[in-house]
Amino acid sequence: MTRILYQLLFTLLGLLATNSAQPQTNHDYLIYVSKTFDDHSTHLNGFYSQYWVKQAPLLRESAIKQLKSSSLCEKNNYGSLVLNIEPHLFYNPLLGTLYGSIKTTIYSSEPKVIKSFLSEDEIKSRLDVLPEKNISLLFDKLILKLQDQIKNDLIIHQFLNQKNLKPIEGTFCSILN
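Everything quoted here is computed from the prediction, not taken from an experiment. (Residues numbered from 1 in each chain as written. Predicted model: local features only at pLDDT ≥ 70, side-chain atom pairs only at ≥ 80, totals over all residues. Heavy atoms only, no water.)

Student: Help me understand the layout of surface pockets, please; the structure alone is not making it clear to me.
Tutor: Here the idea is plain: a probe the size of a water molecule rolls over the atoms and shows the empty space left. Taken as a whole, the largest pocket spans an internal volume of roughly 210 Å³. Residues of the lining of the largest pocket, tallied by class, amount to six nonpolar, four polar and four charged. A volume near 150 Å³ is recorded for the second largest pocket. Every residue lining the second largest pocket is listed: Gly 46, Phe 47, Tyr 48, Ser 49, Tyr 91, Pro 93, Gly 96, Ser 125, Arg 126, Leu 127 and Asp 128. Broken down by class, the residue content of the lining of the second largest pocket amounts to five nonpolar, four polar and two charged. (1 Å grid on protein atoms, 1.4 Å probe; cavity = no way out; pocket = protein on both sides within 12 Å on 5 of 7 lines; lining within 4 Å. Points joined across faces, edges and corners; volume = space filled by probe spheres on them. Nonpolar A, V, L, I, M, F, W, Y, C, P; charged D, E, K, R; others polar.)

Quick look at the structure:
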């Protein structure tokens, strides 16, 4: 009797392990921000203060939050398109304005570049008051602009409406480094 219970337990555990290892295929976009933006911080100068900001974690968080049906470009994540996003920040202390831009290159599964977008915006902020929060707000605005650009682009709509569209696996992004 104990042997049968153990066999049932191991069978159940095996089924749970195979179900949890199934890839997530329901994403439209896989978000990729290069590791160089993790390794190299951006230097922002204020009047009396200077900050080193890691852009990549803030940008990834904004992209996942703002772009519905998206995931990070990692192993076992699948999506229709890969968004390779490059952030750039600049702070003007005289005007108290934080400027930002993101250059986004969109890849298909071939690997083929479908389209590139540049989104730019600014917010009034003080660098010495919650700089990460202000940068996150700016990245949120930039990602929303990117989302509008993607929605209004005819080439991307034609590509996504293809019948035999192959999903892209997250390990694709290893060639983008």
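Student: Can you walk me through unusual backbone geometry in this structure?
Tutor: Peptide bonds are, in most cases, trans, and in most cases residues other than glycine have a negative phi. One non-glycine residue, Ser 69, lies in the positive phi region at around 60°. The residue Ser 69 is located in the loop between helix H3 (55-66) and strand E4 (70-72) in this model. One non-glycine residue, Asn 76, adopts positive backbone phi at about 70°. Within the element layout of this structure, Asn 76 appears in the loop between E4 and strand E5 (77-92). (Helix = DSSP H or I, 4+ residues; strand = E, 2+ residues; numbered from the N terminus.)

Student: Is there a simple way to think about the pairing of strand E2 (residues 42-45) in this case?
Tutor: On a regular strand, each side chain points to the face opposite its neighbour's, so the side chains alternate between the two faces of the sheet. Side chains of E2 alternate between two faces, with Thr 42 and Leu 44 buried and His 43 and Asn 45 left unburied. In this sheet, strand E3 (residues 50-53) lies alongside E2 in antiparallel orientation, the contact comprising four bridges. Opposite His 43, over in E3, you have Trp 52 as the bridge partner. Here E2 folds back onto E3 in antiparallel fashion, the turn holding four residues. (Buried < 20%, exposed > 50% of the residue type's maximum accessible area, 1.4 Å probe, protein only. Pairing = 2+ DSSP bridges.)

Student: How do you make sense of the state of the cysteines when you look at a structure like this?
Tutor: Note: disulfide means a covalent bond formed between the sulfur atoms of two cysteine side chains. Counted by the stated rule, this structure contains one disulfide. Across the disulfide, Cys 73 is cross-linked to Cys 173 (sulfur-sulfur distance 1.8 Å). Here Cys 73 and Cys 173 share a disulfide; its torsion about the S-S bond, 90°, makes the bridge right-handed. Separated by 100 residues along the polypeptide, Cys 73 in the loop between E4 and E5 and Cys 173 in the segment after strand E8 (168-169) bring together distant segments of the chain. (Disulfide = S-S within 2.5 Å.)

Student: Sorry if this is basic, but what is going on with the pattern of salt bridges here?
Tutor: Oppositely charged side chains may form a pair once their charged atoms are brought near each other. This model, assessed by the stated rule, comprises five salt bridges. Among the ionic pairs, Asp 38 bridges to Arg 60, the shortest N-O distance being 2.7 Å. With Asp 38 in helix H2 (residues 36-39) and Arg 60 in helix H3, the pair connects residues that are 22 residues apart, well separated along the chain. As a salt-bridge pair, Asp 121 and Lys 145 come within 3.7 Å of each other at their nearest N and O atoms. A residue pair is termed long-range when its members are at least 10 positions apart, and Asp 121 in strand E7 (residues 113-124) and Lys 145 in helix H4 (residues 131-151) qualify at 24 residues. When its relative accessible area of 18% is taken as the criterion, Asp 121 is described as buried. Judged by relative accessible area, which is 35%, Lys 145 ranks as partly exposed. (Salt bridge = Lys/Arg side-chain N within 4 Å of Asp/Glu carboxyl O.)

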